Amino acid sequence: MKALWLCRYDPVSSSLFDLAGSLGQFELVVVQHLFMTDTAKYAHVILPTTAFGEERVSFTSTERRIQLAEQMVEPSPGLTPAWEQIVRVAGLMGADWDYPSAAAVMEEIGEVVPFYGGASYENLSREYGRQWPCTKDQPLGTRFLFSEDNGRKPFKFIPVPKPAPAPASSKDFPLTLVCGSSLYYWNQNVLIRHSEALRREYSILLIDYPEGFVELNPEDAKGLGVRDGHKVRIYAEAASAVSTARVTAEVRKGTVFVPYFEHDLERQILGERRDGSALVPVRVEREKA
Amino acid sequence: MKARILDRADVLKIVDLLRQQGYEVVAPFYGRGRDTFFDTVTDQNRDRIQIHLPNPYYPPKRFVFPHIERLMKFERSDGQIHIEPVYEQPKRAIFGIRSCDLAGIYHLDRFYLGREFRDVYYENHRKNLFLVNVVCSDVDRDINDECFCVCTDTGPAARDHFDLQLMDLGSEFMAVAGTPAGEALFADPIFRKGEAAHIEKRHAILDELRKRFKTTTSWFSATVRYVTQGDILEKTWEEIGNRCLECGGCTYVCPACTCFTVSDRPIGPNEFERVRVWDACALSGFTRMAGGHNPRKAVHDRRNRRFFRKLAHFFIQRELAMACVGCGRCAAVCHGDIGMPSVVEMIRRATGEVDKHERASH
Amino acid sequence: MSAPATENVYLPKTAVLERVVSEIAEVKTFYWHFEDSAEQEAFRQFRPGQFAQVSLFGVGEFPTSLPPSPTEGETFFTVRQVGSCTSALHRLQPGDKFAVRGPYGNGFPMEDYYGKNLVFVAGGIGLIPLRSCIVYALKNRNKYKSIQIFHGAKTPKELMYVPNLHEWEQTPGVECYLTVDRATDGWNGNVGVVGSLFKKPGVQVPVENTTAFVCGPPVMFRFVIKDLLEMGFSEKNIVSTLERYMKCGVGKCGHCCIGVAYVCVDGPVFTYEQIKKLGEDI
């Protein structure tokens, strides 16, 4: 691989590992983005793109909903939609790609991906879009993916008598470490950094806990003799890491919460597991200064 | 106040009249699904203006108090700092503003123009603003499940604060002038004098309308009293706070919320602009001071704050208007179901519980 | 576009930094004046306890108390470096420009205290807003009965306005008592919290016909209030000035609104009786 083309993707900010070094191995890195992201800093070519509301494009949410976003404002001069940039570069490289609009791209997607067969822009411009499968025969889309109506077996819910015990119940590692999103940190915070009120909320967290934090329930904290702002060491089976305690009832008793932006801590504790969704049994001790 | 009658087919001619007078007219339109929004009327979209539709979630407040507004520019050259205020004084008309939102603008008037300091930016947006109120008379389209203007005494038909009010009587509309500017429109031949039957019809429609509201927060006035006197249990605020996700949505859709933050941002190598941006008391950074002290750290303290500011008698008296106008938007957007009607209901239940305990202890 | 008739209360006026004096670690006093002499003259009519909004180019605006007394010729701020705006102010050099608007807030009603004993209790940088009242009272010495100043700091190095403290200690008719939490640097004065000074032999705090000014960090504030109430002070004779996050200073942005008061216009000066009713953390 010699070249890498990243479309509105910022792996450098989100990865636990040193991607900056990997990016350096490419002869050509192209980044299409709205903002000067950490990844864009390593790009040979940056193509600034139009933003939501500046272009007519579709997007699909995790709810399977394919929606059409209309252009409401004129983009700043010189900016073009990401798809158009790809088409133009392809043209310069000798390909004969002829898409007059994003709608034409969508039409081709519909031909190749049967689930999107009925998702023409004309169809998407009604209601709040359509949920796939949205085929030519079923242009209104599919509200429930698993229902008897469409021949797929619905899920069966079975009541669980008692919540499954957390993996951390041993004496040595009585707490469970959970990684997750933080209220004011979403994806790589590219957008939050550009919203006045949200940026303030995020930066306050960093002012209060300049070296980052892990969240502890007040009851757990009391048992450990840890107060808000204390340095703590988190021991997992194979590794340990130091952080600052943020004591808050927002986290459940028995749980240690690590927000996703704590890359260093995640890296140290999770090691090669590299999976932020894992529940890790840990022990927390106050770190004496 | 003078009233006139006009044909249903002539209603949008009022928009044309205003545009001829040089107004930028904003009016409500349908988006997709339930979505509705206010937009500037052009020759192209003029026929798509809606008289009856669900009230847009994004309140017309932004036409007097923009979501983001430039206040001034700072320029630095040769060691000097040059400060230049940025003023915008549009001549604008809002066609189809609902009675609740009208009450919202009245509240903003009292707040921004009524106290020790007048807000010049607000005044600039407000002074050439022409307000055409439409009475919510279509039960299916105008009145949403969350509407409770009958409880805040702000609707469905506003009694004042408009230049012109329109009410759908079927094949005809009644136009009521609230100001001389509104009355001046009556010179146009589309308007004619009405008869006693028109007034009777108006009353009959309004009487019927009042029965059609799904949300009736009957405990509202009692809540005002309880909040004012500080009689609400800490436990109740905690329950409310536990359900708050701190998204600030209630504030951003509220036609009567006034808070803003101020931010300086670069617009050139040696140039900055100072903008004000809507802010929300649900966010913890709203009260946090440099240095780290936050007098309102707990979520429930911040929720307590919102409802106290909206309902305490002191503020109602000072602004001669309540900072809640019964539009129901907060109830529609809140993920934790702690919009105003639900909070009133939670307070009612909690109060009932206190009574029970008291009875049990005697 | 022509200027509107309504005054733009958000518009700051350019000011020039004259000189900077270091007070304690991270706290400096900034002497300044408006570029426009008419602005300077109008501003100088402020009352003790009022505050101003200071704009730093490209950073933002912050509220700060006015430590000078209107009876003094100079205008200055004493500011602790704590956030981005205050840090930007600390970076300025004499001759640099910034911008100021104000004065805002109610201030202390110094005329209402004529004929009364004045007790000033300041913890740490809480002396900044009280300095204005103290200098004002000393300038109008014959209008007031006894004047007592109690000032406490963590260490001797953190006592505020040391030249002023020396001057007040020497001024006849003024009692000035100092204390530190930790004695260092050969300190041989009192060691303990500010409240410990009230019970020192020889100290006689008058309770009748007295107004007590209390300013300092939240913990100090709570303890001093407790002490004063135990000594028999009534809540309405204890006054303080509140600090809040604020953006506008003119009662609009909403950040400083507590209870029924907007700290910027209804305060920042409140009696303890009022503060209690506002019902929020100090």
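Below: a short report on this structure.

About the cut-offs
- Starting afresh in each chain, residues are numbered from 1 along the sequence in its written order.
- Working convention: letters from A go to chains and numbers from 1 go to ligands, in the order in which they are written.
- Given that this is a predicted model, residues contribute local features only at a pLDDT of at least 70 and side-chain atom pairs are listed and counted only at 80 or more, while totals for whole chains, interfaces and linings are drawn from all residues.
- Excluding hydrogens and water, the side-chain figures rest on all heavy atoms present in the structure.
- What makes two strands pair is DSSP finding at least two bridges between them.
- Strands here are runs of E lasting at least two residues and helices are runs of H or I lasting at least four, both read from the DSSP assignment and numbered beginning at the N terminus.
- To define axes, lines are fitted to C-alpha atoms, for helices over the stretch in contact only, and angles between the resulting N-to-C directions are given on a 0 to 180 degree scale.
- Burial classification: accessible surface area is computed with a 1.4 Å probe over protein chains only, and a residue below 20% of its type maximum counts as buried, one above 50% as exposed, and the rest as partly exposed.
- Here a polar contact means two N or O atoms within 3.5 Å. Within protein one must be a hydrogen donor candidate and the other an acceptor candidate, and residues neighboring in sequence count only if both atoms are side-chain atoms.
- For this analysis, residues touch if any pair of their heavy atoms sits within 4.5 Å.
- Here the nonpolar core consists of buried residues drawn from Ala, Val, Leu, Ile, Met, Phe, Trp, Tyr and Cys, with membership extended through side-chain atoms lying within 4.5 Å.
- By convention here, the domain bounds are inherited from an automatic or database domain assignment.

Moving on, we get to the sheet that holds strand 11 (residues 271–278) of chain B. Residues and elements named next belong to chain B. In spatial order, the strands read 5-4-11-10; together these 4 strands make up an open sheet with antiparallel pairing. Two strands close off the open sheet at either side, each with one partner strand: strand 5 (80–85) and strand 10 (260–268). Mean inter-strand twist for the sheet, computed between neighbouring axes without regard to direction, equals 25°. The pairing of strand 4 (residues 68–77) with strand 5 spans 6 bridges and is antiparallel. Across the sheet, R76 pairs through a bridge with I81, a residue of strand 5.

On strand 5 of chain B, burial follows the alternation: I81, I83 and P85 of chain B on one face are buried, whereas Q80, H82 and E84 of chain B on the facing-out side are not. Taking the residues that link successive antiparallel strands as the turn, the strand 4 of chain B-strand 5 of chain B hairpin has 2 residues, and the phi of D78 of chain B there is positive, at about 50°.

Residues and elements named next belong to chain C. Along the polypeptide, T75 turns up in strand 5 (residues 75–80). A relative accessible area of 2% places T75 in the buried class. For T75, the side chain forms a polar contact with the main-chain oxygen of W32, separated by 2.6 Å. Within the structure, the side chain of T75 is placed 3.0 Å from the side chain of Q40, a separation counted as a polar contact. Setting aside its immediate chain neighbours within four residues, T75 contacts F30, Y31, W32, H33, Q40, F43, R44 and P68.

Glancing now at the nonpolar core. Within the largest apolar cluster, 113 residues are counted, with the highest numbers of intra-cluster contacts made by I94 and M340 of chain B together with V121 and F150 of chain C. The greatest single-element share of this core, amounting to 6 residues, is contributed by helix 2 (residues 99–113) of chain B. Taken domain by domain, this core gets at least three of its residues from each of domain 1 (13–104) and domain 2 (110–241) of chain C. Apart from residues lying up to four places away in sequence, V121 of chain C is in contact with L130, F150, V194, F198, F213, V214, C215, M220 and V224 of chain C. Among the nonpolar cores identified, the runner-up in size contains 34 residues, and V27, L130, I134 and A137 of chain C belong to it.

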